[in-house]
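Chain and residue survey
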Amino acid sequence: MASDLDEIRDRITWCGNRSLVLSAQIDQFISSGAYQISHEVDPGTGDGTYFLQLRKAVPTHFRIEAGAIVHELRASLDNLACVLAIRNGGSAKNTYFPVSRSLAIFENDGLKRKLRYLSEADRKVIAALKPYDGGNPLLFALHNCDLTRKHQRLIATAGGIHQFGIGNAAITTLEMLQTGPITTKRQPFARLGKGTHVDITIGIDISFSEPDAIKGRPVSTVLRDFTSLVHSIVDLFD
């Protein structure tokens, strides 16, 4: 393994470890009574409705911690570009790992300016990663997430709703309703026809609110994917 990548690998390991800690904290928060399920029966029709609501605010430090991990991962890529420039006898000054808004911007601002001190071979490897919007969705999401982290919210979402219904009547119904972010306001998420008995299990997640590429995806899953991505990119230059 290339010794000049040791610090970058340590940074990635730190991100992976902090992501595990944050994931455990999120699980503890959810299991501590963060949300409530209730139901009502319509006295006229006998139909029932299940409601979901958040009882505790999502802790601010979750957002801070997630933002710090995202930033460190993105910064590790810039660190990688600097190491590659020095390997080639160039300067780390004004050297960055470009993730651009388009292919045209990458070819101009990225290859010609930010990566100008890298060897041609290393520049080709980075270009093959398609580090621009529409080329590498996960890499662009990491970059975009870092840009928005200062004002990004984390939201509670219903990550998985599983049901098994048995009806006393000949025909029963179970309608799962579309749910967005879970708030302190009661939201209906399921309606049951008269005579339906149902066992419902709900998985609650803390998810990113933006950017669009990761909106609604669990924080723990996204951070794991980002960490694996950065690790795989660094491995290309070992």
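These notes cover the structure that comes with them. Everything numeric here is computed off the predicted structure, so don't read it as measured data.

What counts, and where the lines are drawn
Residues numbered from 1 in each chain as written. Predicted model: local features only at pLDDT ≥ 70, side-chain atom pairs only at ≥ 80, totals over all residues. Heavy atoms only, no water. Helix = DSSP H or I, 4+ residues; strand = E, 2+ residues; numbered from the N terminus. Contact = heavy atoms within 4.5 Å. Areas by Shrake-Rupley, 256 points an atom, 1.4 Å probe, with all protein chains shown as cover. Axes fitted to C-alpha atoms, helices over the stretch in contact; angles between N-to-C directions. Parallel < 35°, antiparallel > 145°, perpendicular 65-115°, else oblique. Left-handed = near helix turned anticlockwise from the far one by under 90°. Buried < 20%, exposed > 50% of the residue type's maximum accessible area, 1.4 Å probe, protein only. Phe/Tyr/Trp six-rings, centres within 6.5 Å; stacked < 30°, edge-to-face > 60°. Expected span 1.5 Å × (residues − 1). Core = buried A, V, L, I, M, F, W, Y, C linked by side-chain atoms within 4.5 Å. Salt bridge = Lys/Arg side-chain N within 4 Å of Asp/Glu carboxyl O. Nonpolar A, V, L, I, M, F, W, Y, C, P; charged D, E, K, R; others polar.

**Things to note about the overall build of the chain**
Check the secondary structure of the chain and you find six helices and six strands. Residue pairs in contact within the chain that sit at least 24 positions apart in sequence constitute 69% of those at least 6 positions apart. A total of about 12,500 Å² of accessible surface is found on the chain, and carbon and sulfur atoms cover 51% of it.

**Considering the packing of helix H3 (residues 103–114) against helix H4 (residues 120–128)**
Packed helices, taken two at a time, are described by the angle between their axes plus the distance between the axes. It is the contact of H3 with H4, at a shortest axis distance of 11 Å, that shows an interaxial angle of 150 degrees. Considering the angle they form, H3 stands roughly antiparallel to H4. For the pair H3 and H4, the sense of crossing is right-handed. Across from Phe-106, Leu-111 and Lys-112 in H3, the residues of H4 making contact are Arg-123, Ile-126 and Ala-127.

**Topic: the environment of Ala-85**
With respect to the helices and strands, Ala-85 occurs in helix H2 (residues 60–87). Ala-85 sits in the buried class, given a relative accessible area of 0%. For the pair Ala-85 and Asp-122, spaced 37 residues apart in the sequence, the C-alpha separation amounts to 9.2 Å. In contact with Ala-85, other than residues within four places in its own chain, are Gly-90, Ser-91, Thr-95, Tyr-117 and Leu-118.

**Some points on the packing of aromatic side chains**
Across all of its chains, the model carries three aromatic pairs by this definition. Pairing Tyr-50 with Phe-189 gives two aromatic rings, centres 6.0 Å apart and planes at 50 degrees, and the pair type is tilted. Taken as a pair, Tyr-50 in strand E2 (residues 48–54) and Phe-189 in strand E5 (residues 187–192) lie far apart in primary sequence, 139 residues in all. Centroid distance Phe-106 to Tyr-132: 6.0 Å. Interplanar angle 40 degrees. Geometry classified as tilted. Taken together, the positions of Phe-106 in helix H3 and Tyr-132 in the loop between H4 and helix H5 (137–148) put the pair 26 residues apart, joining distant regions of the chain.

**Re the environment of Thr-183**
With respect to the helices and strands, Thr-183 occurs in the loop between strand E4 (174–176) and E5. By relative accessible area, Thr-183 is classed as partly exposed at 34%. Ignoring anything within four residues of it in the chain, the contact list for Thr-183 reads Gln-53 and Leu-54.

**Side note on H5**
In this model H5 runs 16 Å from its N-terminal to its C-terminal C-alpha over twelve residues, within 8% of the 16 Å that 1.5 Å per residue would give. Leu-139, Phe-140, Ala-141, Leu-142, His-143, Cys-145, Asp-146 and Thr-148 are the residues of H5 that are buried.

**Structural notes on the nonpolar core**
In this structure, Leu-80, Phe-97, Phe-208, Val-219, Phe-226 and Ile-233 are the most contacted members of the largest nonpolar core, which totals 57 residues. Of the residues forming this core, the biggest block, eleven residues, is contributed by H2. What Phe-226 contacts, discounting residues up to four positions off in sequence, is Val-70, Leu-73, Leu-138, Ala-141, Leu-142, Cys-145 and Ile-214.

**Focus on the pattern of salt bridges**
Enumeration over the complete set of coordinates arrives at 13 salt bridges. We note a salt bridge from Arg-11 to Glu-72, for which the minimum N-O separation is 2.5 Å. Of this pair, Arg-11 sits in helix H1 (residues 6–31) while Glu-72 is found in helix H2, placing the two residues 61 residues apart along the sequence. The closest approach of N and O atoms between Arg-217 and Asp-225, which form a salt bridge, is 2.8 Å. Classification of Arg-217 as partly exposed rests on a relative accessible area of 27%. Among the charged side chains, a salt-bridge network with shared partners connects Arg-9, Asp-235 and Asp-238.

**Topic: the packing of H5 against helix H6 (residues 219–235)**
Running from N to C, H5 and H6 point in directions that differ by 115 degrees, and their axes come no closer than 10 Å. With respect to their mutual orientation, H5 and H6 come out roughly perpendicular. The element H5 and its partner H6 pack so that their crossing is left-handed. Contact residues: H5 offers Leu-138, Leu-139, Ala-141, Leu-142 and Cys-145, while H6 offers Asp-225, Phe-226, Leu-229, Val-230 and Ile-233. Grouping the constituent residues of the contact of H5 with H6 by class yields nine nonpolar, no polar and one charged.

**What about H1?**
In an α-helix, one full turn covers 3.6 residues, which means residues spaced three or four apart are oriented alike. An ideal rise of 1.5 Å per residue puts 38 Å on 26 residues; H1 measures up with 38 Å between its terminal C-alpha atoms. For H1, the complete set of buried residues consists of Ile-8, Arg-9, Arg-11, Ile-12, Cys-15, Ser-19, Leu-22, Ser-23, Ile-26, Phe-29 and Ile-30.

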